[in-house]
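# Observations on chain architecture
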Amino acid sequence: MASKKCPEINASSMADISFLLLIFFLVATTMNVDSGIRRTLPPIVDEEQDKGQDVKERNVLLVYVNMYNQVAIAGNRVEIDEIKDIAKEFITNPTGDPNLPEFEAPKKPIPGFPNALVSKGVISLQNDRGTSYETYIQVQNELTRAYSEVRSEKSQTTFNKPYKDLSKEERDIVHMLVPTRISEAEPRNLAK
Amino acid sequence: MAQNIRKKGNKETPAVSTASLPDIIFMLLFFFMVSTSMREVEMQVKLELPDATEAQKLEKKSLASYIYIGPPNDVAKYGSTPKIQLNNAYASIDQIGEFIAAERDKLKEEERPEMTTVIKVNKITHMGMVTDLKQALRRANALNIIYASNKDNKKRDNSIF
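Attention here is on the structure that accompanies the text.

## Topic: the overall build of chain B
Of regular secondary structure, chain B possesses five helices and eight strands. Each helix and strand of chain B, placed in order from N terminus to C terminus, yields the pattern α-α-β-β-β-α-β-β-α-β-α-β-β. When burial is assessed residue by residue, chain B has 25% of its 161 residues classed as buried. Relative to all contacts within chain B whose residues are 6 or more apart in sequence, the contacts with residues 24 or more apart total 78%.

Below, the structure is given as structure tokens:
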């Protein structure tokens, strides 16, 4: 009566089951990768110890965004489109202008480039409490764009390659030659 | 051989074998199972991120913790002033330190310095709130931050070269 052979299991519904699971995962998946502008905040300092760093006026570019989302660089009103070129000129100081930042030897020598000089310029970005986040990010974006354009020029002159073709080590060197120096100061508490 | 083919060719086409279909589906299934990251939090604020051309991708998702700021979904109940959302609930600025400490505890010792805070802020928010958040993060010593924004390549490029 009992058959010797084990009867074959009907596997035709397997496809349906896995289809069902597949559709579940398709729906539940979030594939989007987060992207954004990366920044490092300065560590907090004791207010008593904080005497303010001695920075020469020529080494600071003051970018201020007010509560009406207007941008001023060093006291002059500018449009958002103009920020990048001003920032680039400030970072590179191509003509050796005495009003633009000076260059110094980096604190940590850069491997392979013992005589390289690095700009001392710091871009100080200030905002009001009433500034809209969108404008703030636009300004941040323009400043980042200035830095990345200076970096791609630097990689062209030092390695004779566009930035995107550089190896990890070469990129690190370019980042040491052109460090991102954006100081996000505490805002002026003018408006609520 | 040639005769054989001619003989068959005139008759109806044979049914396509579907025996490998489950295998193919399984392969897709495994791909999605592996690449899935489930949505852990229920959004309770409206997020409309700003656009930025220079947005970089977040490299290590496991090291990221998320803070959301935006107007509440339920305007009738909570009003339309932007609120901070941590995990699944609204929070005040004083809870940031606690939140960061809890997130830091989840990571391994050697990964902690690399911890990144992704702040997703609705673009209509005023900077006052973001500044308070930044100060709280500085106090909590969570210094690596990402201003989440949509990567936007279409934007005009007015560079000089």
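## Some words on helix H4 (residues 96-106) of chain B
In an α-helix, one turn spans 3.6 residues, which is why side chains three or four residues apart end up on the same side. Residues and elements named next belong to chain B. Those residues of H4 not exposed but buried are Ile96, Phe99, Ile100 and Glu103. Seen end-on, H4 carries its buried residues on one side only, within an arc spanning 95°. Of the exposed residues in H4, the ones pointing more than 90 degrees away from its buried face are Glu98, Ala101 and Asp105. Looking at the buried side of H4, the elements it contacts are strand E3 (64-70), strand E4 (83-86) and helix H5 (127-139).

## Considering the sheet that holds strand E7 (residues 122-127) of chain A
Picture the strands of a sheet paired through backbone hydrogen bonds; they go either parallel or antiparallel. Residues and elements named next belong to chain A. Read across the open sheet, the five strands follow the order E4-E3-E2-E7-E8; overall the sheet is mixed. In the strand order of this sheet, the two ends are held by strand E4 (76-78) and strand E8 (182-184), each with one partner. Sheet twist, expressed as the average angle between the axes of neighbouring strands with direction ignored, equals 30°. As defined by bridge partners, strand E2 (residues 60-65) adjoins E7 across six bridges and the pair is classed as parallel. Within E7, the residue paired with Leu62 across the bridge is Ser124.

## As for the interface of chain A and chain B
Each side of the interface is counted separately: chain A has 41 residues, and chain B has 45 residues. Going through the elements one at a time, helix H1 (14-28), strand E1 (35-40) and helix H3 (133-159) of chain A are the ones with two or more residues in the side of chain A that touches chain B. Looking at the side of chain A that touches chain B element by element, the count peaks at 10 residues for H3 of chain A. For the side of chain A that touches chain B, the residue count by class is 17 nonpolar, 14 polar and 10 charged.

## Looking at the packing of H3 of chain A against helix H4 (residues 168-177) of chain A
Residues and elements named next belong to chain A. Packing of H3 against H4 brings their axes to within 10 Å, and their N-to-C directions diverge by 115°. For the crossing formed where H3 meets H4, the hand is right-handed. On H4, the residues touching Arg151, Lys154, Ser155 and Phe159 of H3 are Glu170, Val174 and Leu177. Here the residues of the contact of H3 with H4 sort into three nonpolar, one polar and three charged.

## Brief notes about the nonpolar core
Ranked by size, the top nonpolar core spans 48 residues in total, and within it Val63, Ala87, Val139 and Leu143 of chain A together with Ile119, Leu133 and Leu137 of chain B carry the most contacts. A total of eight residues in this core trace back to one element, the largest contributor, which is H3 of chain A. In this view, Ala87 of chain A contacts Leu61, Ile123, Leu143 and Ala146 of chain A; residues no more than four positions away in its chain are not counted.

## Overview of the sheet that holds strand E2 (residues 56-57) of chain B
Spatially, E2(B)-E1(A)-E7(B)-E6(B)-E3(B)-E4(B)-E5(B) is the arrangement adopted by the seven strands of the open sheet, whose pairing is mixed. Sheet topology places E2 and strand E5 (89-91) of chain B at the edges, where each strand pairs with a single neighbour. Sheet topology places E1 of chain A next to strand E7 (residues 144-148) of chain B; five bridges connect them, and they run antiparallel. Directly across from Ile37 of chain A, in E7 of chain B, lies its bridge partner Tyr147 of chain B. On the sheet, H5 of chain B packs against E3, strand E6 (116-121) and E7 of chain B and is oriented at approximately 170° with respect to E6 of chain B.

## Concerning the packing of helix H2 (residues 80-92) of chain A against H3 of chain A
Residue and element names in this part refer to chain A. Packing of H2 against H3 brings their axes to within 8 Å, and their N-to-C directions diverge by 40°. Viewed along their axes, H2 and H3 adopt a mutual orientation that is oblique. In the packing of H2 onto H3, the handedness of the crossing is right-handed. Of the residues in H3, those touching H2 at Ile80, Ile83, Lys84, Ala87, Lys88, Ile91 and Thr92 are Gln138, Val139, Glu142, Leu143, Arg145, Ala146, Tyr147, Glu149 and Val150. Class assignment of the residues belonging to the contact of H2 with H3 gives a composition of nine nonpolar, two polar and five charged.

Thresholds, definitions, all that
- Residues numbered from 1 in each chain as written.
- Chains lettered and ligands numbered in written order.
- Predicted model: local features only at pLDDT ≥ 70, side-chain atom pairs only at ≥ 80, totals over all residues.
- Helix = DSSP H or I, 4+ residues; strand = E, 2+ residues; numbered from the N terminus.
- Buried ≥ 20, exposed ≤ 12 C-beta atoms within 10 Å, placed from the backbone.
- Contact = placed C-beta atoms within 7 Å.
- Arc of directions from axis to C-beta.
- Pairing = 2+ DSSP bridges.
- Axes fitted to C-alpha atoms, helices over the stretch in contact; angles between N-to-C directions.
- Nonpolar A, V, L, I, M, F, W, Y, C, P; charged D, E, K, R; others polar.
- Left-handed = near helix turned anticlockwise from the far one by under 90°.
- Core = buried A, V, L, I, M, F, W, Y, C linked by C-beta atoms within 7 Å.
- Parallel < 35°, antiparallel > 145°, perpendicular 65-115°, else oblique.

Geometric values such as these leave the question of function open.
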